[in-house]
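Spelled out, the chains give:
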Amino acid sequence: MMPRSKLISQTESKQKIMYRYDQYDHQMLADRIAQFRDQTRRFLEGQLSDAEFLPLRLQNGLYVQRLAPMLRVAIPYGMLSSVQMRKLAFIADHFDKGYGHLTTRQNIQFNWPALADVPDILAHLADVEMHAIQTSGNCIRNTTTDQFAGVAVDEVEDARAYCEIIRQWSTFHPEFAFLPRKFKIAVCGTRQDQAATQVHDIGLYLLKNEHNQIGFRVLVGGGLGRTPVIGSEIKAFLPQEHLLTYLDAILRVYNREGRRDNKYKARIKILVKETGVSDFRDKVEREWMLLKDGPLTLTSTEVERCRAFFHDPQYKSIPSHSNELETALNTDVLFSAWYEQNISEHKKPGHAIVTVCVKKTGFAPGDLDSDQMRFIADLSDRYSFGEMRITHTQNLVLADVEKSQLYNLWKDLKTRDLEADNLGLLSDMICCPGGDFCSLANAKSIPVAEAIQRRFSASQLREIGQLSLNISGCMNACGHHHVGNIGILGVDKKGEEYFQISLGGSADHNTALGKIVGPSFSQEEVPDVIEKIVTVYQQHKASGESFLHTYNRLGMEPFKEALYGNKADEHQTD
Amino acid sequence: METRQMSTRLIKHGTLVPDTWVLVKSPDELESLEKLTGQDLIVPLPYWLTERQSIESRKGQTAVWLNSNEIPESIAGYLDRLPLVALNFPEFKDGRPYSSARELRQRWGYQGEIRAVGDVLRDQLFFMKRCGFDAFLLREDQNPDAALTAFHDFQDAYQPGITQPLPLFRRR
């Protein structure tokens, strides 16, 4: 452990690299907690009905789940300070069973809090500038971005300031608190999209036009769930000052015209499809003309104010080559394997982006216990300016580590089972909590994830290479199965848990939706099925060819053949 | 909702006031217009669109109410003679009347009273006010005194609204 004084000084330094609340932001949270405390009291005293309390608690992140309430805490655009992480550990210990679960929306969930404690938990969160506002319910949810924002090589623009601007605009927006359905926005400013931007209700790509002005390419109507859709472009270049007026216009069209007669047809993707992209765009433009250049137009002062929170930390000026790193790579094979898989290039010489893969076999994907939380917080203080990020693939990022420190960091991670070197490999799955916890699930996803992890050895996984495998326990698709190279969906067949396999999905700049390979399989069959799919890939791949590329070249047939032989046609597809 | 006149559930200008209007839920209730002579009436949109002239020739004021699926544009041409437009929340989770209220104020520049009727609950009043509602007919079971405090749930807001046209970022 490092001395307390050093901890504090590094905590202070992070003020320049994260958004910090002013008195307005603090007051907003204080008012919210008082309001929710009163609502909870009225509910417990029987003055508020279940139905009336439901949307109120949901908009504070509180579900009633299979075993207990579940509280989803927002981690805005995935950024977290060490102080905040320690607070999450405190909450896990005092109000939960000592752990939390990272979600695909860069949030963290606690599965065991008591309803009556929730206002107190919210007050603890507010102490460290955190909240659970609008993490569920039919409203605008936590805005997400690429976890490498601000540190990626060749970034167009840092998305975080815009995410914060959107966070404030969407927080308690009076007109959009009771939308037809939930609404998710992602902003991406990196060249390699890691935010699954195209499968959001609104996806925003940061761009610069020929005059070097910053703006957004606006996609609308993407989403996963029962009806997966890739978003459609409705604006090729929206200058940044118009961001919020344009969002207001889209949301108003959706709020008025989105379907409310059928929950499964209520997302904006259905409205865009039923209206047609061109007509939908016209409707938005018509609303926008009313709002454009009005008071909600962003001022350069506000853009600069928000951007100023996300300045670079005080990087040391160091050479890009590190002798310490070189020596360690040459002498420690295990470290070298981790380095190959979990380290990404940083924009500053001599620095690296480290992804701590929270997918060790035997542990539920995305789960972190409170000791690990505190430990990672300490590591972030020691190695990465007291700041970390949550990824939508349920991992953690230390974004600013000096290369010369990587070996020390890895040795530290090993002491707490956090040295998994499977980032981006088949075993680094996205997996929802599934039927073990969630009342919506058709099937348990965690045991399936573990069975697959156990099927492959570390060397086999490295041999297979980059391959995304996403698992959802039901068609609500929290595990993003549609956009996994291999997708697994839990389905209910006459009361039995079955799993439907899809192939060819992708969530990057070239987002693609996977296609269902055929009839579904029982839980015991799934590891064999995955192995057969991987074998087909390995038999057919050209040297260095990725799974996705190989699949796109070969098509579905050879995989189908391997899984069903000639019997495929006799089965009924689900 | 049957035709009724209650005096204790209407909030205007931050206080409880007597309600002088009769909300006519269904045109069936208007069979004998004579009985309602001298009475201020809020009538359903379809009725008002077809029977406007006859009902307006009666003694007493006439206003109109829109259900959540009915759009303000349908009365845009008549707003200057409507003292009041009521927007109905068929259930409190139906968020369309919020947009209707803002549209009436912003697009059509409506200056008269916009009244929330239907499933009007304490916990939504703050949002309603910011969207341009200035009168609130509470659902019968609501505690009117508790509801009055709801307008102070938050000291400020990030977004522009009808009550504060400047977003916080232009004031902070």
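Everything numeric in this text was worked out from a predicted model, so none of it was measured.

Conventions used here
Residues numbered from 1 in each chain as written. Chains lettered and ligands numbered in written order. Predicted model: local features only at pLDDT ≥ 70, side-chain atom pairs only at ≥ 80, totals over all residues. Helix = DSSP H or I, 4+ residues; strand = E, 2+ residues; numbered from the N terminus. Rg over C-alpha atoms; globule rule 2.2 N^0.38 Å. Buried ≥ 20, exposed ≤ 12 C-beta atoms within 10 Å, placed from the backbone. Contact = placed C-beta atoms within 7 Å. Pairing = 2+ DSSP bridges. Axes fitted to C-alpha atoms, helices over the stretch in contact; angles between N-to-C directions. Domains from an automatic or database assignment. Nonpolar A, V, L, I, M, F, W, Y, C, P; charged D, E, K, R; others polar. Expected span 1.5 Å × (residues − 1). Arc of directions from axis to C-beta. pLDDT = per-residue confidence, 0-100. Left-handed = near helix turned anticlockwise from the far one by under 90°.

J.: So what exactly am I meant to see when it comes to the overall build of chain B here?
T.: A tally of helices and strands in chain B yields four helices and eight strands. Tracing chain B from N to C terminus, the helices and strands come up as β-β-β-β-α-β-β-α-β-α-β-α. Relative to the globule expectation of 16 Å for 172 residues, the C-alpha radius of gyration of chain B, 16 Å, shows essentially globular dimensions. With the principal axes as the frame, chain B shows a C-alpha extent of 55 × 35 × 25 Å.

J.: What is the right way to read the overall build of chain A from this model?
T.: The secondary structure content of chain A amounts to 19 helices and 21 strands. Its C-alpha radius of gyration of 23 Å places chain A within 12% of the 25 Å reference for a compact globule of 574 residues. Here chain A, with 574 residues, has 55% of them falling under the buried criterion. Sequence separation of at least 24 residues holds for 69% of the intrachain contacts in chain A that already meet a minimum separation of 6.

J.: Looking at this structure, I do not really get the sheet that holds strand β4 (residues 99-102) of chain A. What am I missing?
T.: Within a sheet, adjacent strands bond to each other through the backbone by hydrogen bonds, running parallel or antiparallel. Residues and elements named next belong to chain A. Taking strand neighbours across the sheet as the criterion, the five strands line up as β1-β2-β5-β4-β13 in an open arrangement whose pairing is antiparallel. The open sheet has two free edges, formed respectively by β1 (62-64) and β13 (367-369), since each of these has just one partner strand. Within this sheet the neighbouring strands show an average axis-to-axis angle of 30 degrees, counted without direction.

J.: Would you mind going over the domain arrangement of chain A with me for this structure?
T.: Think of interface size as the accessible area that goes away when the parts come together; that is how it is often given. Residues and elements named next belong to chain A. The domain boundaries assigned to chain A delineate domain 1 (10-127), domain 2 (151-308), domain 3 (323-414) and domain 4 (430-570). The centre of domain 1, based on its C-alpha atoms, is set 27 Å off from the matching centre of domain 3. Taken together, the contact pairs 26 residues of domain 1 with 21 residues of domain 3. Per-element tally for the side of domain 1 that touches domain 3: the top contributor is helix α4 (residues 82-95), with seven residues. Its residues assigned to classes, the side of domain 1 that touches domain 3 shows eleven nonpolar, eleven polar and four charged.

J.: It is not clear to me how helix α2 (residues 23-44) of chain A should be interpreted in this structure. Could you clarify?
T.: Given 3.6 residues per helical turn, the α-helix brings residues three or four places apart onto the same face. All names here are of chain A. In this model α2 runs 31 Å from its N-terminal to its C-terminal C-alpha over 22 residues, within 8% of the 32 Å that 1.5 Å per residue would give. Within the sequence span of α2, burial applies to Asp 25, Met 28, Leu 29, Arg 32, Ile 33, Phe 36, Gln 39 and Thr 40. End-on view of α2: buried residues confined to an arc of 130 degrees, all on one side of the axis. Residues of α2 that are buried in the fold lie against α3 (50-58) and α5 (118-127). Once α2 ends, the next one or two residues include Gly 46, with phi positive near 85 degrees.

J.: Got a minute to help me understand the interface of chain A and chain B in this structure?
T.: The interface is formed by 29 residues belonging to chain A together with 30 residues belonging to chain B. Counting residues per element, the ones that place at least two in the side of chain A that touches chain B are α2, α3, α6 (160-170) and α7 (243-257) of chain A. It is α2 of chain A that contributes the most residues to the side of chain A that touches chain B, six residues altogether. Looking at the side of chain A that touches chain B residue by residue, the class counts come to 13 nonpolar, eight polar and eight charged.

J.: Would you take a moment to explain the sheet that holds strand β4 (residues 40-44) of chain B for this structure?
T.: Residue and element names in this part refer to chain B. Pairing in this open sheet of eight strands is mixed, and the strands run β2-β1-β8-β7-β6-β5-β4-β3 from one edge to the other. In this open sheet, the two strands that pair with only one neighbour each are β2 (15-17) and β3 (21-23). The sheet shows a mean angle of 30 degrees between the axes of neighbouring strands, direction not considered. Pairing of strand β1 (residues 10-12) with β2, which is carried by three bridges, proceeds in the antiparallel orientation. Following the sheet pairing, Lys 12 is matched in β2 by Thr 15. Sitting on the sheet, helix α2 (residues 96-106) is in contact with β5 (62-66), β6 (84-89) and β7 (113-118), with an inclination near 160 degrees to β6.

J.: So what exactly am I meant to see when it comes to the environment of Met 128 of chain B here?
T.: Assignment of secondary structure puts Met 128 of chain B in helix α3 (residues 125-130). In contact with Met 128 of chain B, not counting residues within four places along its chain, are Tyr 98, Ala 116, Phe 133 and Phe 136 of chain B.

J.: Just to check I follow, could you spell out the confidence of the model for chain B for this structure?
T.: When pLDDT drops low, the exact placement of atoms in the prediction is not to be read closely. Looking at chain B, pLDDT values average 91 and 94% of them are 70 or higher. Predicted complex metrics record ipTM = 0.94 and pTM = 0.91.

J.: Would you take a moment to explain the pairing of β4 of chain A for this structure?
T.: One face of the sheet, then the other: side chains in a regular strand alternate in exactly this way. Where burial is concerned, the two faces of β4 of chain A agree: the one with Tyr 99 and His 101 of chain A and the one with Gly 100 and Leu 102 of chain A are both buried. Hairpin geometry of β4 of chain A and strand β5 (residues 107-110) of chain A is characterised by an intervening segment of four residues between the two adjacent antiparallel strands and by a positive phi of about 55 degrees at Gln 106 of chain A.

J.: Any chance you could explain the packing of α6 of chain A against helix α10 (residues 300-308) of chain A here in plain terms?
T.: For any two helices packed against each other, one specifies the crossing angle of their axes together with the interaxial distance. Residues and elements named next belong to chain A. Running from amino to carboxyl end, α6 crosses α10 at an angle of 115 degrees, the nearest separation of the two axes being 8 Å. Relative to α10, the crossing made by α6 is right-handed. Facing α6, whose interface residues are Ala 161, Glu 164 and Ile 165, α10 presents Val 303, Cys 306 and Arg 307. In the contact of α6 with α10, the residues fall into four nonpolar, no polar and two charged.

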